[in-house]
Structures are given as structure tokens and as C-alpha cells.
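The primary structure of each chain is shown beneath.
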Amino acid sequence: MPIATPEVYNEMLDRAKAGKFAYPAINVTSTQTLHAALRGFAEAESDGIIQMSTGGAEFLGGQYDKDMVSGATALAEFAHVVARKYPINVALHTDHCPKDKLDGYVRPLLALSKERVDRGENPLFQSHMWDGSAETLKDNLEIAEELLALAAAARIVLEVEITPTGGEEDGVSHEINDKLYTTVEDALRTAEALGLGEKGRYLLAASFGNVHGVYKPGNVVLRPDLLKELQEGVAAKFGKASPFDFVFHGGSGSTQEEIATALENGVVKMNLDTDTQYAFTRPIVDHVFRNYAGVLKVDGEVGDKKTYDPRSWGKLAEAGMAARVTQACVDLRSTGTRLK
């Protein structure tokens, strides 16, 4: 199946909300990690989301002349070709983009998709994220309003982060403290500024103690029950039940109980990066340790071409990451839910 059309992406999100499951959103940095994500979704018979961060897009642009837009565009175009052979629907998304990178990343990509839509084509990406969590909520929402209008014109869904996620990702960092919890007042101000769908569809990355990076269960205090308070608080004022489509950031190390509670309260997308990075790299390291002399030509020997051929360890890495994606589908209840 091809990359999801705007109509299919909206149907995917609606089905997840109604069915109380979420799509794993897998960060990729290469054609191989892209294939690993697609394979994992296909083996789970789950639709899914593939995303590129600013750092990932810059890496994809090549180290000779680093450029986020060309990197993201190139992999997206590649994905539109290779995704056709996988029996699932996949949406393409760009991850965290702070204010200082909007002009070099999200705004050009929105313009590119608008040009495509004006020609009668589908947008290149299905959603983009604006991360204004380092700004005041007032400034955050003013920029979000502008971007939502641009996204709607390009038939794209916007993701907004209104309050901080702890830890660090691509140079954006927040302390782990009490500010990592979105309030009902924050949610109300968001609904007042962005509407509840009439100005364009958006996903909301609210904070309930989330932290990016690596941590063990119990080291971070997650409160996924807070999402229910936000839903009910906004519903009471605007008269729309369960008004938000939530995104779960910083999910590495979360317990199954925490994930289940988040799903019950409206999470439709959960980001995975740290865990899938490890799942990709671990088989490569194992391969090198097992074939040390062959890979490194120890003591002046000729080595073993079959062991240092990138295809030998690359296939193992792809399989390792695909297995982690498949497990994520199980955890998020998306296994077997693909649109026919």
C-alpha cells in the first residue's frame, strides 16, 4: 500500500481514538531504519507512523553539506516508493522542531506540500510537529495558530507540544521538575486558540511527567491519569467529549500499566526512538564481537569480506529493530488493526 493519503491518515487516527489503541511513531535516520520500521509494522499487521527529527533529517542530508530539508525530502520520497510493497498504511511525520529551526525545517516542508496539493497531488508528509515548549504558552500558541492554518491548507495534521517534556532530544532540553505536568488551564487556552478541529486537525503532546531518553521504570513519575482531567476539563467548557488526540512522548521505560492508562485517556500516537536505536545497534555490536578478526583485519591479516560487508550486519540490525517495532505494536494494542 502507498503512504497514507490525508483521508486515510485521518481515518487511522479516528480508529485509534475509538479503539483505544495508539500507533508507534518510529524515528528513522536512514533507508535501512525506514525499512526496519516498515517491516516491523507489516509483521504486526499494524499501520504506523514514521518520523524524522531535525537531527535525523540533518544526518540524512549528508555530512558534506548538512541540510534538514533535503534530508527529510529525500527519505520521504524514498518512502513513497518502497512503502508500496508493504501491506500496511504508513504516515510520514516530522518530530520536534523548536522555534529557531522552523524556517529551516517545518515551514519549507509545509510550502513544498502546499505546492504538491495545488497540483492535485497529496502532501509529501502527513503531519509536522511544532515544539514550542521552550516558549511562553502565549507565544507558543500564536505560532501554533499560524502553522495550523498553513498545515490545514496543505491537508496536513499539526502536532503541538504546549508544555515541556523532560530530558534532552536534538539539543532541546528541559529539567525534570513540576513543570512537566500540563494543567487544565493550559489545555483550555490551547482549545481557545486552536479550536477543536474547525481550524484544522492537530495532535496534542501534553505533559504528564514524560522524559526523553533512557530511564528505568520508577525513576520518572508519570501521571497518565492527568490526560483524563484535561479531556474532561475542556469537554465541560466546550461540550465536546474527549476533545484531544494526545501524543505520548518520552515513553522509553514506561510500564504497561502506564501505557494502558494513557491509551484509555486518548493517546493515539506514542514516540519511540531510544529503544529502537538500541535494538538496531545491538546486533551490529554482537556481530563485531563474534567476528572481530574478520571485521578488523587483526594483526595484518586480510579479514573476512563477508563479515565486514555492510549487508551482513545491516540485515541483523534491520531484524533487531523490526522486532522492537512489532513489540511496540503489541504494547500499544495496534497489532492486527491495519486498514484493509
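Residues numbered from 1 in each chain as written. Predicted model: local features only at pLDDT ≥ 70, side-chain atom pairs only at ≥ 80, totals over all residues. Heavy atoms only, no water.

Regarding the overall build of the chain
Spelled out, the test is: Labels follow the DSSP assignment, with helices taken as runs of H or I lasting at least four residues and strands as runs of E lasting at least two, numbered in each case from the N terminus. Atoms considered for the radius of gyration are the C-alpha atoms alone. The globule rule reads 2.2 Å times the number of residues to the power 0.38. Partly exposed residues are those whose accessible area sits between 20% and 50% of the maximum for their type, while under 20% is buried and over 50% is exposed, using a 1.4 Å probe and protein chains only. Residues count as neighbours in contact if any of their non-hydrogen atoms are within 4.5 Å of one another. Reported accessibility uses the Shrake-Rupley method at a 1.4 Å probe radius. Residues are deemed covered only where the shown protein chains occlude them.
Assigned secondary structure in the chain consists of 13 helices and 10 strands. Taken over the C-alpha trace, the chain has a radius of gyration of 20 Å; the compact-globule value for 340 residues is 20 Å, and the two agree within 12%. Based on the C-alpha atoms only, the size of the chain along its principal axes is roughly 75 × 50 × 40 Å. A total of 340 residues make up the chain; the buried ones form 54% of that total. Here the contacts in the chain between residues at least 6 apart in sequence split such that 75% fall between residues at least 24 apart. Accessible surface for the chain amounts to roughly 14,600 Å². Of this, 53% is attributable to carbon and sulfur atoms.

Structural notes on the nonpolar core
It is characteristic of soluble globular proteins that their nonpolar side chains tend to be buried jointly. Counted only if it meets this: Among buried residues, those of type Ala, Val, Leu, Ile, Met, Phe, Trp, Tyr and Cys that are joined through side-chain atoms within 4.5 Å constitute a nonpolar core.
Counting residues in hydrophobic clusters, the biggest one holds 79 residues, and the most contacted among them are L38, F41, I50, Y105, V160 and F244. For V160, the contacting residues outside a window of four places in its chain are W130, A144, L194, Y202, L203, L204 and A205.

Here's the deal with helix α7 (residues 184-194)
Think of an α-helix as 3.6 residues a turn; residues three or four steps apart then line up on the same face. Looking only at α7, the buried set comprises D186, A187, L188, T190, A191, A193 and L194. Packed against the buried residues of α7 are α6 (137-153), β5 (157-161), β8 (202-205) and α8 (226-238).

Focus on the environment of N27
Basically, it comes down to this: We define a polar contact as two N or O atoms separated by no more than 3.5 Å, with the added condition that, inside protein, one atom must be a possible hydrogen donor and the other a possible acceptor, whereas residues neighbouring each other in sequence contribute only through side-chain atom pairs.
Along the polypeptide, N27 turns up in strand β1 (residues 23-27). A relative accessible area of 7% places N27 in the buried class. Separated by 22 residues in sequence, N27 and I49 have C-alpha atoms that sit 8.8 Å apart. Within polar-contact distance, the side chain of N27 engages the side chain of Q51 at 2.8 Å.

Thoughts on the confidence of the model for the chain
As a reminder, the rule being used: pLDDT expresses, on a scale from 0 to 100, how confident the predictor is about each individual residue.
With 92% of its residues at a pLDDT of 70 or more, the chain has an overall mean of 93. Low confidence marks residues 173-177, where pLDDT is under 50. Its contacts with residues over four positions away, or in another chain, come to 12 contacts.

Examining the pattern of salt bridges
How we decide: The salt bridge criterion pairs a side-chain nitrogen of Lys or Arg with a carboxyl oxygen of Asp or Glu, the two atoms within 4 Å.
One pass over the full model with this rule turns up 21 salt bridges. Two residues, R282 and D286, come together in a salt bridge whose shortest N-O distance is 4.0 Å. Taken as a pair, R282 and D286 lie in helix α10 (residues 274-290) at a separation of 4 residues, close to a single helical turn. Overall, the relative accessible area of 41% leaves R282 in the partly exposed class. Using a relative accessible area of 27% as the deciding quantity, one classes D286 as partly exposed. Ionic contacts of the salt-bridge type, sharing partners, join the residues D14, K17, R201 and D245 into one network.

What to know about unusual backbone geometry
Positive phi outside glycine occurs at K20, with the angle close to 55°. With respect to the helices, strands and loops of the structure, K20 is situated in the loop between α1 (6-19) and β1. Despite not being glycine, R155 shows a phi value in the positive range, around 60°. Inspection of the secondary structure puts R155 in the loop between α6 and β5. On the basis of relative accessible area, R155 is assigned to the partly exposed category, the value being 32%.

A look at the packing of aromatic side chains
For clarity, the cut-off: Ring pairs are drawn from Phe, Tyr and Trp, using the six-membered ring of Trp, whenever the two centres fall within 6.5 Å, and their geometry is named by plane angle: stacked under 30 degrees, edge-to-face over 60, tilted for the rest.
Within the structure shown, the criterion is met by 3 aromatic pairs. When the centroid spacing of 5.4 Å and the interplanar angle of 85° are considered together, the rings of F21 and Y23 count as edge-to-face. In this pair, the class of F21 matches that of Y23, namely buried. Ring geometry for F208 against F248: centres 4.9 Å apart, planes inclined by 70°, an arrangement best described as edge-to-face. Residue F208 is located in the loop between β8 and α8, and its partner F248 is located in strand β9 (residues 246-248); the two are separated by 40 residues in the primary sequence. With respect to class, F208 is no different from F248; both count as buried.

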